[in-house]
Amino acid sequence: MSPYVFLIISISLFLGTSLTLFSNHWLLAWMGLEINTLAIIPMMTYPNHPRSTEAAIKYFLTQATASMLVMFAIIHNAWMTNQWTLFQMSNSTASVLMTLALAMKLGLAPFHFWVPEVTQGISLPSGMILLTWQKIAPTALLYQISPTLNMKVLITLAFLSTMLGGWGGLNQTHLRKILAYSSIAHMGWMIIIMMINPTLALLNLLIYIIATLTLFLMLNFVSVTKIKSLTNLWNKSAPMTTAILLTLLSLGGLPPLTGFMPKWLILQELVSHDNIIMATLMALSALLNLFFYMRIIYASTLTMFPTINNSKIQWPYPQTKTINIIPTLTIISSLLLPLTPLLTTLMY
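About the criteria used
Residues numbered from 1 in each chain as written. Predicted model: local features only at pLDDT ≥ 70, side-chain atom pairs only at ≥ 80, totals over all residues. Heavy atoms only, no water. UniProt positions renumbered as here; feature names shortened; annotations may be inferred. Core = buried A, V, L, I, M, F, W, Y, C linked by side-chain atoms within 4.5 Å. Buried < 20%, exposed > 50% of the residue type's maximum accessible area, 1.4 Å probe, protein only. Helix = DSSP H or I, 4+ residues; strand = E, 2+ residues; numbered from the N terminus. Expected span 1.5 Å × (residues − 1). Contact = heavy atoms within 4.5 Å. Polar contact = N/O pair within 3.5 Å; in protein donor to acceptor, adjacent residues only side chain to side chain. Axes fitted to C-alpha atoms, helices over the stretch in contact; angles between N-to-C directions. Parallel < 35°, antiparallel > 145°, perpendicular 65-115°, else oblique. Left-handed = near helix turned anticlockwise from the far one by under 90°. Nonpolar A, V, L, I, M, F, W, Y, C, P; charged D, E, K, R; others polar.

The chain goes by NADH-ubiquinone oxidoreductase chain 2 in an unreviewed UniProt entry, where it is assigned to Notamacropus irma. What the UniProt record of the chain gives under Function (unreviewed entry) is the line "Core subunit of the mitochondrial membrane respiratory chain NADH dehydrogenase (Complex I) which catalyzes electron transfer from NADH through the respiratory chain, using ubiquinone as an electron acceptor. Essential for the catalytic activity and assembly of complex I."

Moving on to the nonpolar core. By size, the foremost hydrophobic cluster in this structure holds 102 residues, and its most contacted members are Trp26, Met98, Leu219 and Ile244. Among the elements that take part in this core, helix α10 (residues 198-222) stands out by supplying 14 residues, more than any other.

We now examine helix α4 (residues 92-106). Between the first and last C-alpha of α4 there are 21 Å, a value that for 15 residues agrees with the 21 Å anticipated at 1.5 Å per step. Every buried residue of α4 is listed here: Ala94, Ser95, Leu97, Met98, Thr99, Ala101, Leu102, Ala103, Met104, Lys105 and Leu106. Buried residues belonging to α4 abut α2 (26-44), α3 (50-81), α5 (114-121), α7 (136-144), α8 (151-168) and α9 (175-192). At the N-terminal end of α4, a side-chain oxygen is found 3.2 Å from the backbone nitrogen of Thr93, two or three residues along, and the residue is Asn91. Immediately beyond the C-terminal end of α4, within one or two residues, lies Gly107, with a positive phi of roughly 85°.

Let us look at the packing of α9 against helix α14 (residues 276-301). At a closest axis distance of 11 Å, the pairing of α9 and α14 adopts a crossing angle of 160°. Comparing the axis directions of α9 and α14 gives the class roughly antiparallel. Remark: the crossing between α9 and α14 carries left-handed chirality. For the pair α9 and α14, the contacting residues are Leu175, Ile178, Ser182, Ala185, His186, Gly188, Trp189 and Ile192 in the first and Met278, Met282, Ala283, Ser285, Ala286, Asn289, Phe292, Tyr293, Arg295 and Ile296 in the second. Of the residues assigned to the contact of α9 with α14, the class counts are twelve nonpolar, five polar and one charged.

Set out below in structure tokens:
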């Protein structure tokens, strides 16, 4: 891709998200979402391949449907309340419609079917942007309308997302699909707490983005897309394998890693608001996610797939990809649990 084209696309992505984040009017927020959607499509179709083209079309159709629902909810709310400002989503029907539309944009179950297919069809850098940056704008809208959300709808979306995100990833062999199902489950954790404690939902999103970003950068650096390829990584780069495994465990929410922090705080909030059954179900669904991360770890450290070349010595070649940011991100996504008291103090 030409650097000029890449620059224009990157600026458009940043502009779209910024417009949604800083707007106070529903039409401006909607325009931001549209710019975001249209900006990433050229990035998804590079390099040009039938699979990437198919993924881009699936993404466009889903996002266009969600945008139509967003606009319908905006117009319905304006018709009923005569308000166009973001904080005035006081009509219950409009609020439910907006929640469902943003759930479709985020890839929450039962609107999750596009996420694994699209992520699988595109390159690792495009998949990284899709599963991290593209989550920010819809989450910002949910955060701003959080007082008017319907808790029953949120619980349904969250429960389905965490369960289907866990079950769906169990039999996958492609790492991009596993990360897509992981994204569905994490969005479920975020949505369950959005009405009770929106700041905690943002903390959960931030930690998820950092961990997923770290994992995608490492997989892109070693050019690995399947579990089978990951099994041969330990004799090429043992430190990189260790970092990948740590980040996977953190994504799974295993203490004492960073990923345990949002899950712990969310369960604590649910229990304090007398949602004990939901907290139990969410904790059980986290075990499904942890299981398929453990499966990757088992395959990549305790077994070795049969290979044609059994030599442990790799042919030396110059590495063109940079790893400057990976060590910092790995530390952040693995070792922030002791800072939990500080973060809770800042949140409350």
